[in-house]
Amino acid sequence: MKTKKATTYQLPLIVLSCLLAATIAALIVIWTVFGTSRSPSEDKYENTTFAMGTYLVQTVYGGADSKSRTEAASAATSAINELEQHISWRQTDSDIQKLNNSAGKASVSLHEDTVSILETALDVAQRTEGAYDPTILPLSLLWNFDAGGTTVPDPSALKEHLQYVDYTQLQLDKQNASAFLKKKHFAVDLGAIGKGAACDAAIDAYRKTDISCGIVASGGSVGVYGKKADGSPWAIGIRNPNSDDTSAAMGTLSIEDGFVSTSGTYERYFQQDGVTYHHILNPKTGYPADTDLVSVTVHCDNGALSDALSTACLVLGTERSQSLLASYNADAIFITKENQVIVSDGLKDCFTITESSFTLQT
């Protein structure tokens, strides 16, 4: 069956808003429960907005006065909104939309932030041999999870679209700040790295203000800045993948710095003929990733990287992820289909299981 190949990649933001509002807020809700406990007397400012197709939740502390805290959160929101205008394929005239629409024709000039994120995306793609692939858009559009798709694509359509997913066809020229998709019908989607990149942008904005510390959550990614006044670590709840309650946690991760991103098979999915199909696709097969895992949480010193790695690890599975994480000096919490929890050495002393149905594998 032949399918129409669009030359302009756009999707109304209102569709995403309605769908993602209910499905992506899970980690943010958990973080709200576990991550913002502070002294009642300490000055803070809390803010929730909508950006990058998901909720953006911030809590900032300290600063000279309430105005400085408000301005810090506003600066972070503005930075993320600006980033979205560069890296979202859904945004008219964004770097990525221009890149996709120029596939097979010409290179496109890029903002420095787009160059940096594409560099990270390609590095992870290369190290995983395409388990994470930023050119996944032709396949993800076919499955249509973002717009509430509930039908498995025709196998012939999957085969056709699979040939348009190959990160080696994306050429990045850092020196000239440009990129080129070598063949027609290829298209980039930075959705699996963008929420982490948003946290990077927020933390960078905090650094330019006088606030003492803060925490930001964008979808499944969280970033922390500065040390808490009482010396305790930031506590982040990890969602229970078996619960329909999006605020239910299966454990708590305590960190003093860095970024945390979670990818899970429970975020967007549908069932057909008794089989569950989730939104994290294996770029090699065109179908949802099928490994031993239902959830991966990655901690490292870069938000974009943590986001891309969480997706890559879920596609690779526990065993194949170990060398990848080591190469980036990153750590992870893996949750298997059998409720077994595997924790990297670097997180063993700061992760606690709080739900008895899960077992720590030693």
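Everything below is about the structure shown above.
Presented here is a report on the structure given in the accompanying data block. Note that the structure is a prediction, hence the values are computed from the model and not measured.

1. Points about the overall build of the chain
Here is step 1 of the chain: Along its length, the chain carries ten helices and 17 strands.
Here is step 2 of the chain: Among the 362 residues that make up the chain, the fraction classed as buried is 56%.
Here is step 3 of the chain: Taking the contacts inside the chain whose residues are at least 6 apart along the sequence as the reference set, 65% of them involve residues at least 24 apart.
Here is step 4 of the chain: Accessible area for the chain stands at about 15,400 Å²; split by element, carbon and sulfur atoms hold 47% of it.

2. Considerations on the sheet that holds strand S16 (residues 351-353)
Strand pairs in the sheet, formed through backbone hydrogen bonds, run parallel or antiparallel to each other.
Here is step 1 of the chain: Read from one edge of the open sheet, three strands run S8-S9-S16, paired in antiparallel fashion. The outermost strands of the open sheet, each flanked by one partner alone, are strand S8 (234-239) and S16. Pairs of neighbouring strands in the sheet enclose a mean axial angle of 20 degrees, with direction left out of account.
Here is step 2 of the chain: Examined bridge by bridge, S8 and strand S9 (residues 249-255) share six bridges and lie antiparallel to one another. Among the inter-strand pairings, Arg239 is bridged to a residue of S9, identified as Ala249.

3. Points about the environment of Lys284
Here is step 1 of the chain: Locating Lys284 in the fold gives a position in the loop between strand S12 (275-278) and strand S13 (293-300).
Here is step 2 of the chain: In this structure the C-alpha to C-alpha distance between Lys284 and Leu162, which are 122 residues apart in sequence, comes to 7.7 Å.
Here is step 3 of the chain: Apart from the residues within four sequence positions on either side, Lys284 is in contact with Glu129, Gly130 and Leu162.
Here is step 4 of the chain: At 2.9 Å, the side chain of Lys284 and the backbone oxygen of Glu129 are in polar contact.

About the criteria used
- Residues numbered from 1 in each chain as written.
- Predicted model: local features only at pLDDT ≥ 70, side-chain atom pairs only at ≥ 80, totals over all residues.
- Heavy atoms only, no water.
- Helix = DSSP H or I, 4+ residues; strand = E, 2+ residues; numbered from the N terminus.
- Buried < 20%, exposed > 50% of the residue type's maximum accessible area, 1.4 Å probe, protein only.
- Contact = heavy atoms within 4.5 Å.
- Areas by Shrake-Rupley, 256 points an atom, 1.4 Å probe, with all protein chains shown as cover.
- Pairing = 2+ DSSP bridges.
- Axes fitted to C-alpha atoms, helices over the stretch in contact; angles between N-to-C directions.
- Polar contact = N/O pair within 3.5 Å; in protein donor to acceptor, adjacent residues only side chain to side chain.

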